[in-house]
Structure formats: C-alpha cells, structure tokens
Amino acid sequence: MAAQQTDVDELFDVKNAYYIGSYQQCINEAQKVKPSTPEKEVERDMFLYRAYIAQRKYAVVLDDIKPSSSPELQAVRMFAEYRSSDNKSMAMSIQVLLNLDRVDMARKELKKMQDQDEDATLTQLATAWVNIAVGGEKLQDAYYIFQEMSDKYSSTLLLLNGQAACYMAQNRWEEAEGVLQEALDKDSSHPETLINLIVLTQHLGKAPEVTNRYLSQLKDAHRTHPFLKDYLTKENEFDRLVMQYAPTATA
Amino acid sequence: MLTKFETKSARVKGLSFHPKRPWILASLHNGVIQLWDYRMCTLIDKFDEHDGPVRGIDFHKQQPLFVSGGDDYKIKVWNYKLRRCLFTLLGHLDYIRTTFFHHDYPWILSASDDQTIRIWNWQSRTCVCVLTGHNHYVMCAQFHPSEDLVVSASLDQTVRVWDISGLRKKNLSPGAVENDVRGISGVDLFGASDAVVKHVLEGHDRGVNWAAFHPTMPLIVSGADDRQVKIWRMNESKAWELDTCRGHYNNVSCAVFHPRQELILSNSEDKSIRVWDMSKRTGVQTFRRDHDRFWVLGAHPNLNLFAAGHDSGMLVFKLERERPAYAVYGNMLYYVKDRFLRQLDFNSSKDTAVMQLRSGSKFPVFSMSYNPAENAVLLCTRATNLENSTYDLYSIPKESDSQNPDAPEGKRSSGLTAVWVARNRFAVLDRMHSLLIKNLKNEIVKKVQVPSCEEIFYAGTGSLLLRDADGVTLFDVQQKRSLATVKIAKVKYVVWSADTSHVALLAKHGESLLHHDSIMICNRKLESLCNIHENIRVKSGAWDESGVFIYTTSNHIKYALTSGDHGIIRTLDLPIYVTRVRGNSVYCLDRECRPRVLTIDPTEYRFKLALVNRKYEEVLHMVRNAKLVGQSIIAYLQKKGYPEVALHFVKDEKTRFSLALECGNIEVALEAAKALDERSCWERLGEAALLQGHHQVVEMCYQRTKNFDKLTFLYLITGNLAKLRKMMKIAEIRKDMSGHYQGALYLGDVSERVRILKNCGQKSLAYLTAATHGMDEEAEALKESFDLEKETIPEVDPKAQLLQPPPPINPLDTNWPLLTVSKGFFEGAIAAKGKAGQMAADLDMEAPGGEGWGEDAELQLDEGEGGVGPSVGRLSGWDDRSVGRSLDMPSGGGGGAEDGFFVPPTKGMSPTQTWCNNSQLPVDHVLAGSFETATRLLHDQVGVVNFGPYKALFMQTLSRGRTCYLGLPSLPCLRGHPQRNWKDAGAKQGLPAVGLRLSDLIARLQQCYQLTTSGRFEEGVERFRAILLSVPLLVVDNKQEIAEAQQLITICREYIVGLTMETERKKLPKDTLDQQKRLCEMAAYFTHCNLQPVHMVLVLRTALNLFFKLRNFKTAASFARRLLELGPKPEVAQQTRKILAACEKTLTDAHQLNYDPHNPFDLCAASYVPLYRGRPVEKCPLSGACYCPTYKGQVCRVTQATEIGKDVIGLRVSPLQFR
C-alpha cells in the first residue's frame, strides 16, 4: 500500500533468517524469492550457500558453485572449503573482542555499527552480546532485544539461548528454565541448549542425575564440541594438579 | 463533536429525549411525530394526527405520555404504549410553539402565537391558567426545574420570568377547587393573579426565539433573531444581563445549558451549532452543516447527549468522546482519569495515580500506548481540527506518591497518533501523512511516506497496522514494506490477542440509519477468519485466555470465536470499555473512568470453543455438569453438525428420535421409537437400521409396521427359513396370493407353489411346475383335469431348471458387522477417553519399574562421581583456548584493513579472573575454572590431600559456571558469566552465582536417611560423604547458616562412622567367643553415634539382641531402657519390655567387654575402639572424626579426602569469616 517500495530490501527475509540462525528458513526463502537484478540474484545465492554452510551441508555448496560462477560465489565456495569465514563484519570483531574480554573495545566497535544502522538485525544482536558482557542493568536490555526478535520473526535456538543467558545472568533461573525448555523442544540435541541446561539444572538444585543426563547427551551427540574439549582439558588439569597433594602417612 | 445518530426527514421543529430509554421524539414540519431508538437506530413509531407543523414536543418524566402542540392550534397528549392520542386540549387561537410537562404537577405549559402562555391540567384536561403580557408571538415557555417559575421568550424582544406559586397554592393545596370564581383568566376578585410577571428581561434587539433556565443555578439563557445568545442572572428582586455570546451570523433558534458542564449550546439558522464556555463566554466548538438551518436543540437529562433538529432531519450527538484512554500490560492497566495517569493492578485491585499529566490541552487524551521496557507512555490528544493533534511522551516516575503524584516534564510534538514499535522506538503518524520513527529522545530516526494512511495501530514489535480508505495493512517498519493487507473500511480500534496471533478489527460504518459496526477477526497474516456485523455500536473488546474475543456493544457483552460463532453473554445498562477478561471476570472502565469488574457466565462460549476445537472430553464434561440447556443450544449443535452432542440435552422424544437417527445412534432411536410408537418412526428407524446392517432392529420395525413383503425378504437374505415359512403361512391366512407364492418361491417349496397355482386357477402353470420339477404324480393328476378340447397341455421345456434359492449355511442370528463410522465423533471421543484412562492406569502399574530405572540412574551418578578421566596435564585454562581459536579468524581479515598492519588487541580481564581476585572461597575458584587455586584453598582450609573424591564435584561445579549464547553463525558460541551480585558487580566486583544451596544439601539428607532405614548402608555412606564433601563448596550469607553448615558436617560424620562400622561388623566372623564379644562391642559403640531416633531404635534393637544372646543382661537392660525411651512402635515396645523383664531377673553381665556406657568416649573412626575422654585423640580437620594418634597423617576414613590431624585454617564458606 502506501509505503515506498523502492528502498525495500527484497532479500530481507533471506538475510534475516540467516542472521537469526534460522538457516532452513533462509534456504526456503532464498528458493522462493525472485530477485529483480542479476546482482541481487548473486546476493541471494550467497546467503543461500552460506546457510547451507551453516547447516554443514558443504557438499551442496561445493557441487553447486562451479568455477564459472561469479567471484562472490567463489568466495563462498572457499568459505565452504576451508570452513573458515572471510566475514570481516564488525559483528565478528565484536564477538572476537568479547571472547578476548575486551568489552571496552567491543563497545566502541558497536558504536560504529549503531552509527551505521542502529536498527539492523545484526546491530541489535551485537548490542545484545555486548549488553550481556557488560551485565547489570544492561542484561534486561539484552533480553528485550532477543524477545523483540522472536516476537517479530519467530523464536529460534539462537534467540532462546540468548534469552536464557540473560535470565541466568540475572539469576532468574525459573524463567530461564521455561525458555530453555522451549529451545529443547525445538531441538533436543542442540549443544548450546544442553550446555545451558547443564548450568541451569544445577542452579535450580535439581538432582545431579538430571545434569548428568544432559552432559551425557552432549557427549553422545557433540563429542568434538569446544565445551567438551575444554571439559576434558580441565579434567586432565585436575588430575595433574592433585598429584601435588598426598597424605603425610599411609595406612 | 461526535455524531451518534442521524435521521433524514422533513424539517424537525421539536425534540425530546426519553429520560430512561434510548428514545427521542422528533416533531416535524409535515405534521408527523417520530419516535426513534437512537441506540439501535430504528424508527419505533410514528404519530400523524396533527394538521400542519408540530413544534412543541415533550416526554413525561414518569408516565408513558408525551405532549405535542402544532400549528393546528391543538395540544395533544399521547400514550406511546397504547400508541394513540389520548385527548386534545383546545383553547389557543394561533400556532403553538412549545409544549412542556411540569416535572411534578399534572401540568402542561404551552406558548403560542396568540401572545399567551397557558397552563393546562392534563388530568382534568382543562386550562388552569392563562399568562398574558407578551405583545407578540410567544416562541417558547418553560417551567423552572425546581421552583414555581416559568421563563418565556417572545418576538416582542423580551424574556419574561413568571411567578406561578399562586397557581400551585390554589390548585394543588388540599381542598382546592379548579375553575372557581376566578375563571380561566386566573385573576381573582381581588385582582390577585395566579401567575405574575416577576422579571422582564430586555436586551435583545430582535425577537427572542428561546429561553431556558439553568438546571441548578439562577441563570437563564436566551437566543434571539439579533444573532446573540444572552446569559441572564436573577435573584428574588431583580434580573440582569450577564453576558452575550456573539458569533452566530443569523437568527439563533435555540440555546440550552449543558446539564453537567459549564457550557452553553446554541444553534441557528446560520446552519451551525456552537458551544460556548460559560465562564469565558467564548466559543469553544462550532459544528456546521452545508445546507440545513438549525431549528431546535435538546439535551438529555442524564447522559452526555444532545440532539439538534434542522431542515432535513435531526442528529443525536455528544460533545466529546467518553471512551477512556487506556493500555493493558500484563497484570497492569494504565488509564487516564482527571489529568492523572493511573495504574491498576488487576490482581491486587490496587489503583494508584502514578503521574500527573501536563495540562494545556482542552481536549481529553484520545489514546495511549505503553512501553513496559522503558516504563514510558505515549498519550495522544486529538483536536477538532485533526491537524492540530498532538502527542506527549512521558517517562513514568519510578516511585510516586499516589496522593500527590509527580508531574514529570513530557515531550510534546504534533502528530495524529503515536504508537510504540520497539522498546526504544515509536512511530508517529504526522499530518503530512508521513510515518516518523522516533527514539526515546523524541528525535526522528527514520521517515517513511505513507500517503494514503489515515491512522496507525499497534501490531506487535516492529510492525504497525496502517489504515487507509479501504483496508488495513500490516507494515514492517524496519523493512518499510507491507506484509499483508485486508479489506475492511473504517477500522476504529484494533485488539490483539496476548500472543499477537489474532487480531480483532473493530470498524464503524456510517452514522445514519444504514449504520452498522463490524468486527473482523484475522490471524497474524491478516487473513480474515470471520466477520461479524452488529447493528449497534461496538465499544471495546479483549481476548480471554482461551482465545475467545469478548467485546461490548452499547448494551451487551458478547463473545466471538475465531470460527465466527458469536452470541450475547449478558446485557449492560451503560456502555463499558473492556480492559481484560480472565475466567469469569470482565475487567472494564466505565464512562466515568471507574475500573469495574463484571462477572460473566462463560459456559456457552467455552462449550462452543471446545466443540470447535474438538475437545470432546471437555464438551462431555460441560454437558454433564453445566447448566447448558435450551432449544438454542440444541439447534446450534444440530446446525453445526454435532447431533450426537445435542442428543445429550434432549428430553423430548421426538427430537431425540430425529437426533439419534441423524447421528446414527440406533439404540437411542429405538428407545425413542418405542416410546413414540408411531408408524413413521418405525419406518425411518427401519431404513436407518438397514443401512447400518442392524437387521434385528430392522425386523422389529417391519413387524411393527406390518411390512410383510420387506419382512419376508429380510428373512430370505438372513437365511431365517423358519420365519420365512411362517411368513408364507401368514400370507396364506391373509389371502395374499402373490405374497404366499413369493414365500414358496423363496423357500424353494415346489409342492406349495403347485398348490397355490392350482388353488388360484392357474392350472397350466401348476402343471408345468409339477412336471418340470418331477412331481410326476401331481403332474399326472393335473393333466387329468385338463379339458383337452378347450385347453392345451403346455409343453414342458426339457431344459427347465428348478429355481432353488441357495440354502443358507447358517441362519444369521446376530447383526451384520455394523458400520462403526456412524457412531460419530462424540461417542468415539468418549470411547477414546475410556482407553486413555486405562493407559493411565497402566502407567501407574509400571511406576515401580520406573523406580528401578531411577536406581540405575543413581548408579550412573555414583559412577560419574567416582569416574576417572584421562590424565593428561595441560596448563592453560580454557579461556585461553577459546580466545586462541577465535583469534585465528580476524587476524587474517583485520590485517588488510589497517594499513597492512594488524596489532591484535591484548586480552582483557575475564570475569573468571575477577572472581578469583575477589574471593577466598574455594567454590568461586572452581567456578572460575582455576583449579590450581581452588585445590590450594581446600588444602589449606580443610586439609584436603586426596582430591579423588572431589573430581566429580569440581567438574560439575565448573560446568555450571558459564552459560552459552550464540553469536554469528558458524562461530563458536559466546560465554555468559552469571554472577550472584550481578546488580552491583560492575566490571570489577563480580562474584559467580554459586548454584549450590545449603538448603539443597540439607534436603539431600532425607534420601540418605531413607537408604539407612532400608539397610543400604554402603550406598548411604556414599551419599552422606558426597554431602559432606560439598559443604566446603558452599557460600552462605550469615552466621546462622555457617553454624548449620557445620552441623550438617557433623550429621554426615556420625552416620558415616556408624554405618561404616556396622558394615565392617557384618563382615566379621562370629565363631569364637572373642569374635562374638567384638561384634557386641561394635554394636554397642554404634549406639553412641548421634543418629535420628528412627535409626537409633534399629541400632539399639541390634545391640539389645546381641547382648541378650551373650547373656550380658545388665548392659542389655540399659539398651532396652534407652530403646523404650525413644517410644518405638507398640509391638517393638512390647517385645522390648519382655526382654527387659527377662534381663531384670538376672541383672548381671556374663562377659567382660571393652564398653562402659557410663564413661563418655569418642569412637576411633579407623579402629573402632572407644577413646575415653582425656586420652590423646587426633581429629579430621573437615569432618571432625576422631582417631587414635597412630592414625595421624593418614587419610580420614570418613571424608576419604582430608588428612587426619592436619593443621588448617578451618572451614570457610562465607565472606563473613574473612572479616
């Protein structure tokens, strides 16, 4: 109706689904949308293949993108090949900085993003990440961002786990349980959901069996998950450390 | 000005509101009087007896009467119930201008062009007084609402006030006689008049058309041909002009006071209605018509309603909206009342003023949008000229004194509507038809052109509903594009369900007779699910929890299901605005902005909802338990295709029968048919039963209807030969030849057939039959009878065959397999419910199995706790690892960006490091993943030297230290750090959320006690130990809890020592006396562990038995007494008393044991020997278990982790212990 259609991003749904981690939807949308220009078509394909990559369906990408395909897609193909990203986006910088515990730098980076387009989905997500890292009152803001996105689009594992992280950071364990349960209903073997449940069940004072069940599930389905690698490392560290201690006398 | 209702007719000269009903009388220039229902917008009645224009019209306040006066000089009194004119009062000599009833006395006041005012008694139907004095047409005369006064207006340019107290005294005092000597002129013999002129108000320059009293104050308003409205004041002695309202530019026809506000309304031949502020004497509103001159005004005595008559009809209107502005969030209602923003908690009914609004607008708040994240509101105010509308953005003060709330400074801007679209964004529709997206500072961040948009509505986060001339569009604000559109004109309000999955669009169409409102319910994609029309105003609505839309009209609360079913829940006296619906309660605001709660009976719509959703159990439950009866519900069920449900309601046999057939319930139909016993019923039942293969019922039906043919055929096909033969006999008796023959044919009874044919004179056929089927004798006999001259013997076809029905293998006694489908959903659902119940029962029976499974799970836990992991050392914590990995990626990409150089940022201080810095409590270090410091702390504080048992606890604790959230796709997740002091931790003061509570540990004791009771000692010990070892990993807040934590350790220790010793004892041999003595000693020591009474009883019984057997009666007796002191079960007590009695006979000990119950001792937890007080003893630094000094330096048997006799700092579980 009334609105100007000129500045509408025809690939909005495709991109958006990709950003919020709804990869299958991204693929569906990409197959539905009919781009108006060849450029848009390439752009669409980029998201399509990146969604495939996110789903770990590398073969699809490697088969589909031929040497004759556009250079952009070649890049995506390389991405698939090396499973490493050439994504230079600021969002990634922010994520890296947060992993480095450089909240201060992450905030600066975020400011740049916000100056560009504060309402962009990725900016909003990055804001939420930074807010979680900052903590305190910002946690509620972060929660609202995730909540808003699930209101607007649909709740995804990414958004639900984000909400759960906010709740747990606010020690609102019961609320977190509801959110994580929803995530678990969506995918009962999603590793991050399981990790959060391992955290949550203990804080809720549930029997250790419950926690162990999630841990076992994680071990079964995602043996190579960083969490488990870290877990193993820490076990080894523990074993090594305790060798320093021994009783003065033995029976 | 809001027009509620309009009519088209001849010129309207008089108007009168009914005081109670939604009715108005309009008297027309063409002689007709119309009675309208302005709420339903219908013409109720027409009264056409006057000849020529009718100008005077008035309802009686109590009686079903009204009075009219016309240009035919007649005053008529009518009864609207009887729908006729009761009588006519004659006397005026010219046009009658106005007629009014007195509010109290049985009087009518009339004003006429004959220059007189007359007062009539409508009971005696006579004129009781004539008021003379005006010297031109009297245009209007009205009674004072409470005093004995009359005001009149005349073309002689004066307004007169008359005192009629004389008339009242004369006519209404006891014994008063009318029409006495004074006669009609009202002047008695002494010249005293019943009605005297009190004041003559001069000031108008032309003829005065109207004059009226103020309802409470001593004021008069008048309107005249000099285009002025004048206000007059009077007291006992005089009256004077107060002020003049100038503005009309043609003759003022009528002027009235607003019954409740300081306003005057006037209308004029200049085609306008004007509203004047009484105190400021300025015009505040003007309402114009293009072509119609106004002639008369009417004010409703109680409601905020007015009416105006003009050249081509009339209109009913109010000056301002009475709809309160409100918004609901969760359990809170926010609403505006008297320049205050108020907050009502639905749960506690606490109603507080949270904020005072900035004054400055003469218009009330039109609508509100509330933002829970920021606790901010947008209040929109509509001006008469829409372009001047504004909105205010307020931040609600956090704390407020309800008596005198703050008046925070808001931000005001122009704009038609403002609605929140995100926690920090709102949308404003401005007068240029742009959609402005603004931030919390009221700054524009985005602008979208929406040329044809007339109005915007909330539509969930990031979206808006835009209304244009012919539809509503769901608009994504971020993408600036339309997502969906639905065609519906003039949507006024939009009500979203709580989950925004459904929306109700309330639309208003027209003001005239063709008026109707409609409700369209759409889903999130704006696909119309149903459309409901109401020929009465739809006021408001809200969704209840079950997804039913509850809405109010002017006079009803109604419901609408998304399927389109709708109906009335209850009636209303006055309009209300629904804010929320929960269960049986409808929360609403009335027109005075008072929050109210109305109770409704939701049964009907819940029932329908259950039906629509096919929740048949619920339906059945309601059918059985709710008072849901009546023809309407039966008709509804039948119409909607649920006859089987309706069956449960119906008592009337006929309906029951039809319904039963409709849903194929033969049993019920049979019952009903038996009761009815009508031929038609049996026929219909027979048909239905046959379709289902219910042939026993079919048989009964055919029998009842004596349908022999069908019955015969039924017996044939069911192979019931006996009955088939019987039918043949019956046919013979009934002399039904063909039936008889048919029977024989069915039976294959050839001789019978021959006999029949013979008997009915079909000789040749009989012969042929006999000959063909080899009944030679009979054939011969028949052949004989042929008269060969006249008759020819027919040729027998040599190829003829006997038509013999196949013999039934087995007669069918039972029914054919019945069609199950015809049972219907409902019975099906009930059957399914029964099954579900059984399944539930099965589950219950399996419950013990579940317990067994639970045991397995526990086993797993134990294994896990004792589990051994691969032991490869690695120094770095996991923080380094994850950072390292994510660094790999940007380092390549970032390099190009910064002049070819890339300096990776140094690592910051992680929250886990902060935790370690801020705390000396072991658990904080474990949570931070700093095992090195954690182990050192435990070693120093409680002397842990063997960390094996702590491994599981460490790993578990560590795993709850950090949460996970997903960042960019394909990247490792980000980690959250829940902190127990998250509110004020800042960047440096953080401490981890612990996740292990003292109360949880204490609760776990119960499990251990149960294991103890059931004799599973080893398992019990494991559990007690797990609790004990967990205590140093607690964080508690106060001294009380520190003490409790220490007590918890003691309890665990006592049990572990006791249970371990008992396990040990059971393994010992008992062959020699010494061995037996040792067993007894250990049993005796066990009684000195501090256990729960229930366990102590068991321990004492064991000791008692052993000592009794050893003939150590004296000690046995002491155990018996201790046992009895604990109050054991009666049978145990009885047995104990018996043993005690036996012991007391010989109160001696046969053997010397290392046990002195009177000498206090500690028990060595390794050697299980008593360490009598005063002897050297070594203790475990954590559990406090005692040991002979020889064990010093060894690992404590109780904890299996700590070193006996180690010098330590002591248990530290609270920051208090460091101050």
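Data block above holds the structure.
Values in this document were obtained by computation on a predicted structure and should not be read as measured data.

Colleague: Which parts of the structure should I look at to understand the interface of chain B and chain A?
Modeller: Put simply, an interface is often sized by how much accessible area is lost when its parts join up. Facing 98 residues of chain B, the contacting portion of chain A comprises 92 residues. Together, the buried faces of chain B and chain A total about 8,600 Å²; carbon and sulfur atoms form 60% of this surface. Across the contact surface, chain B and chain A share 6 salt bridges. D101(A) is the partner of K907(B) in a salt bridge, and the nearest nitrogen-oxygen pair spans 2.8 Å. Summed over the shared surface of chain B and chain A, the number is 28 residue pairs in polar contact (both at pLDDT 80 or more). Looking at the side of chain B that touches chain A residue by residue, the class counts come to 43 nonpolar, 31 polar and 24 charged.

Colleague: How should I be thinking about the sheet that holds strand β24 (residues 272-277) of chain B in this particular structure?
Modeller: The pairing of strands in a sheet comes from backbone hydrogen bonds and takes either a parallel or an antiparallel form. All names here are of chain B. Across the sheet, which stays open at both edges, the 4 strands sit in the order β22-β23-β24-β25 with antiparallel pairing between neighbours. Each edge of the open sheet carries a strand with a single partner, namely β22 (252-257) and β25 (282-288). Averaged over all adjacent pairs, the angle separating strand axes in this sheet is 20 degrees, with direction ignored. Relative to β25, β24 runs antiparallel, the two being bridged by 6 bridges. Each bridged residue has a counterpart across the sheet, and for R274 the counterpart in β25 is T286.

Colleague: Even after reading the chapter, I still don't get the sheet that holds strand β32 (residues 351-356) of chain B, so can you show me in this structure?
Modeller: Residue and element names in this part refer to chain B. Taken together, the 4 strands give an open sheet; going across it, the order is β29-β30-β31-β32, and neighbouring strands pair in antiparallel fashion. Looking along the sheet, the strands with just one partner apiece sit at the ends: β29 (326-329) and β32. The average angle at which neighbouring strand axes cross in this sheet is 25 degrees, direction not considered. Bridging between strand β30 (residues 332-337) and strand β31 (residues 340-345) involves 6 bridges; their strand directions are antiparallel. Bridge pairing in β31 places L333 opposite L344.

Colleague: Can you walk me through the pattern of salt bridges in this structure?
Modeller: Pairing of side chains with opposite charge becomes possible as their charged atoms draw close. With the rule as written, the count across this model stands at 62 salt bridges over all chains. Among the ionic pairs, D239(A) bridges to K951(B), the shortest N-O distance being 2.9 Å. Here K951(B) lies in helix α21 (residues 951-959) and D239(A) lies in helix α14 (residues 226-242), a pairing that spans two chains. Here D239(A) and K951(B) have matching classes, each one buried. Its salt-bridge partner being D113(B), residue R97(B) comes within 2.7 Å of it at the nearest N-O pair. Pair noted here: R97(B) is in strand β10 (residues 96-101) and D113(B) is in the loop between β11 (107-112) and β12 (116-121), with a separation of 16 residues, a long-range link. Residue class for R97(B) comes out buried when judged on its relative accessible area of 14%.

Colleague: Which parts of the structure should I look at to understand helix α26 (residues 1093-1109) of chain B?
Modeller: Residues spaced three or four apart along an α-helix point in a common direction, a consequence of the helix completing one turn every 3.6 residues. Residue and element names in this part refer to chain B. With 17 residues, α26 extends 24 Å from end C-alpha to end C-alpha; this agrees with the ideal 24 Å at 1.5 Å per step. If you check which residues of α26 are buried, you get H1095, M1096, V1097, V1099, L1100, A1103, L1104 and F1107. Where α26 is buried, its residues contact α22 (998-1013), α24 (1039-1067), α25 (1073-1086), α27 (1113-1125) and α28 (1130-1145). The first or second residue beyond α26 is R1111, which carries a positive phi of 65 degrees.

Colleague: Quick question: what am I supposed to make of the packing of helix α13 (residues 208-221) of chain A against α14(A) here?
Modeller: Angle between the axes and distance between the axes are the two parameters that describe a pair of packed helices. Residue and element names in this part refer to chain A. Interhelical geometry of α13 versus α14 gives an angle of 110 degrees and a closest axis separation of 10 Å. The orientation of α13 with respect to α14, classified from their angle, is roughly perpendicular. Facing α13, whose interface residues are L215, L218 and K219, α14 presents F227, L228 and Y231. For the contact of α13 with α14, the class distribution of residues is 5 nonpolar, no polar and 1 charged.

What counts and how
- Residues numbered from 1 in each chain as written.
- Chains lettered and ligands numbered in written order.
- Predicted model: local features only at pLDDT ≥ 70, side-chain atom pairs only at ≥ 80, totals over all residues.
- Heavy atoms only, no water.
- Contact = heavy atoms within 4.5 Å.
- Buried area = accessible area lost by both parts, 1.4 Å probe.
- Salt bridge = Lys/Arg side-chain N within 4 Å of Asp/Glu carboxyl O.
- Polar contact = N/O pair within 3.5 Å; in protein donor to acceptor, adjacent residues only side chain to side chain.
- Nonpolar A, V, L, I, M, F, W, Y, C, P; charged D, E, K, R; others polar.
- Pairing = 2+ DSSP bridges.
- Helix = DSSP H or I, 4+ residues; strand = E, 2+ residues; numbered from the N terminus.
- Axes fitted to C-alpha atoms, helices over the stretch in contact; angles between N-to-C directions.
- Buried < 20%, exposed > 50% of the residue type's maximum accessible area, 1.4 Å probe, protein only.
- Expected span 1.5 Å × (residues − 1).
- Parallel < 35°, antiparallel > 145°, perpendicular 65-115°, else oblique.

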